[in-house]
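Given next are the chains, with one letter for each unit.
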Amino acid sequence: MASAQAEDGSFPTDSTLSLLLDGEKTSTTFRVIRSFTPFTKGQVYLVEYSHSEFPAKLILKVYDPRFLDDRRLKPHESWTLAMESLVVQKWEQGQISDDFNICDLDDDVELEPWHWEAALLFVGENVQNGGCGIQEVASDAGPVYSQVLWVWKIAAHPAQSRATQPRAILIEYIPGVTLHDVDSTVVRPKLYRSLMGAVTRFDSLGVNHYDINANNIMLAPPKAPKRMVVIDFGFAGVRREGMTDEE
C-alpha cells in the first residue's frame, strides 16, 4: 500500500497514514478506504484499522496547514518549510500566543507572510482544542452526536520534512443516510424530537454547531432508522463561561 500524499495533499484510496497520540512515540497506521470530496476546511476520509482497540471503520478529519483550502485565497503565499519553521520558532519562544488570531491584530500592524502562515497553522491547533472541548460535553449530549474518539497528529515522513505535525481527529463512523436523502416515511417522530432535544442540549452546554442542515444529520440504519445523529462539527465552537454566541 502506498503511503505518500498526492500533490494536492490528499491521501489516495489504499494509502496509509501514520498517526501519533500526544506524548506517544510509536505511531499507529490506518488505511484509507475512501475520501469524501470536495474537501473544505479539512480533508475527510473513511479509514480502517484492524485492532480490537478501535472500531473497524472510522472517519478521519485531517487539518494540514500546508493544504488547507484557506491557502487558496492567497495563492502567492505558498507553503515553505522555512516559513513553517519560523512560525513554530516564534510560537515556542512565546512571540505568538496559543490563541493567535490574525483578525485580532491592531489595524496599524503591517501584515507579514509569517502572520498568514501562523493563521493557517493555528487552524489545526484550534481544531484540537475544539475537538477536545466538544468531547468534554459529548457524554452529556446523548446519542444524537457523532463521537470524537481521539485527537492525533500525523507523523511526517521523513520527520525533518515538517516543522509541525498536522492535526487529525478520529470520529465515530455512522453507516447511514442523510436526512436530505432518507425516505421520510420511515422516520419516526420521536427521532425528530430527539434531534430538537439535542440542539437545545448543545446550547445549554455551550456548544454551537453553526452548520446544522439536512446533509449534516445522519440516520441509521437507513431503511429503519433508530438513531438520528448530528455530524460535521468542523465549524463548531464551545462557548466558555462569560462568552456570548457572537464571540
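Cut-offs and rules
Residues numbered from 1 in each chain as written. Predicted model: local features only at pLDDT ≥ 70, side-chain atom pairs only at ≥ 80, totals over all residues. Heavy atoms only, no water. Helix = DSSP H or I, 4+ residues; strand = E, 2+ residues; numbered from the N terminus. Buried < 20%, exposed > 50% of the residue type's maximum accessible area, 1.4 Å probe, protein only. Contact = heavy atoms within 4.5 Å. Areas by Shrake-Rupley, 256 points an atom, 1.4 Å probe, with all protein chains shown as cover. Phe/Tyr/Trp six-rings, centres within 6.5 Å; stacked < 30°, edge-to-face > 60°. Lys NZ or Arg CZ within 6 Å of the ring centre and 35° of its normal. Pairing = 2+ DSSP bridges. Axes fitted to C-alpha atoms, helices over the stretch in contact; angles between N-to-C directions. Patch = residues over 30% accessible without salt bridge, like charges linked within 9 Å, V, L, I, M, F, W, Y side chains within 5 Å. Salt bridge = Lys/Arg side-chain N within 4 Å of Asp/Glu carboxyl O. Lys, Arg positive; Asp, Glu negative; His and termini not counted. Charge placed at Lys NZ, Arg CZ, Asp CG, Glu CD. pLDDT = per-residue confidence, 0-100. Core = buried A, V, L, I, M, F, W, Y, C linked by side-chain atoms within 4.5 Å.

Caption draft 1: View of the overall build of the protein chain. The number of helices and strands found in the protein chain is 3 helices and 11 strands. What you see in the protein chain, going N to C, is helices and strands ordered as β-β-β-β-α-α-β-β-β-α-β-β-β-β. The proportion of buried residues among the 247 residues of the protein chain is 41%. Of the contacts formed within the protein chain by residues at least 6 apart in sequence, a portion of 60% connects residues at least 24 apart. Working note: accessible area of the protein chain is about 13,700 Å², and carbon and sulfur atoms make up 51% of it.

Caption draft 2: The arrangement of the side chain of Glu117 in detail. Structurally, Glu117 can be placed in helix α2 (residues 113–141). Among residues more than four places away in sequence, those in contact with Glu117 are Arg71, Trp79, Met83, Glu84 and Val87.

Caption draft 3: Examining the packing of aromatic side chains more closely. The tally for this structure, following the rule as stated, stands at 2 aromatic pairs. Ring centres of Phe11 and Tyr45 lie 6.0 Å apart, and the angle between their planes is 80 degrees; on these two criteria the pair is classed as edge-to-face. Here the residue Phe11 occupies a position in the segment before β1 (16–21), and Tyr45 occupies one in strand β3 (residues 43–48), the gap between them amounting to 34 residues. The exposure class assigned to Tyr45 is buried, which follows from its relative accessible area of 0%. Arranged with centres 5.1 Å apart and planes meeting at 45 degrees, the rings of Phe30 and Tyr49 form a pair that is tilted. Of this pair, Phe30 sits in strand β2 (residues 28–35) while Tyr49 sits in the loop between β3 and β4 (57–63), placing them 19 residues apart in sequence. On the basis of relative accessibility, which here comes to 1%, the residue Phe30 falls in the buried class. Of the residues examined, Tyr49 reaches a relative accessible area of 22% and is grouped as partly exposed. Sitting above the plane of the Trp79 ring, Arg66 keeps its charged end 4.1 Å from the centroid. Over the face of the ring belonging to Trp114 we find Lys90, whose NZ or CZ atom lies 4.7 Å from the ring centre.

Caption draft 4: Representation of the sheet that holds strand β10 (residues 227–230) in the model. Taken in spatial order, the 3 strands line up as β7-β9-β10 in an open sheet, and their pairing is antiparallel. Both outer strands of the open sheet, β7 (177–178) and β10, are each paired with one neighbouring strand and no more. Taken together, the 2 bridges between β7 and strand β9 (residues 217–220) define a ladder with antiparallel strand orientation. Residue pairing across strands places Thr178 opposite Met218, the latter belonging to β9. Packed on one face of the sheet, helix α3 (residues 189–204) meets β9 and β10 and runs near 30 degrees to β10.

Caption draft 5: Region of the structure containing a positive patch on the surface. On the surface, a cluster of positive charge is made up of Arg188, Lys190, Arg193 and Lys226. Summarising the element assignment, Arg188 is placed in the loop between β7 and α3. Take Arg188: its relative accessible area is 35%, and that puts it in the partly exposed class.

Caption draft 6: Structural detail: unusual backbone geometry. Between Ala220 and Pro221 the backbone carries a cis peptide bond, its omega angle lying at -10 degrees. In this structure, Pro221 sits in the loop between β9 and β10.

Caption draft 7: Quick peek at the confidence of the model for the protein chain. Mean pLDDT for the protein chain: 79, with 77% of residues reaching 70 or above. Confidence, expressed as mean pLDDT per element, reaches its minimum in the protein chain at strand β11 (residues 237–238) with 66 and its maximum at β7 with 93.

Caption draft 8: Inspection of the nonpolar core at higher detail. Grouped together as the largest cluster of nonpolar side chains are 14 residues, with contacts concentrated most on Leu17, Leu19, Val47 and Leu60. Listing elements by their share of this core, those giving two or more residues are β1, β2, β3, β4, β5 (148–154) and β6 (167–172). Top contributing element to this core by residue count: β4, with 3 residues. If near-sequence neighbours (up to four positions away) are discounted, Leu60 is found in contact with Leu17, Leu19, Gln43, Val44, Tyr45, Val47, Ala168, Ile169 and Leu170. Grouped together as the second largest cluster of nonpolar side chains are 12 residues, Val182, Val187, Leu195 and Val230 included.

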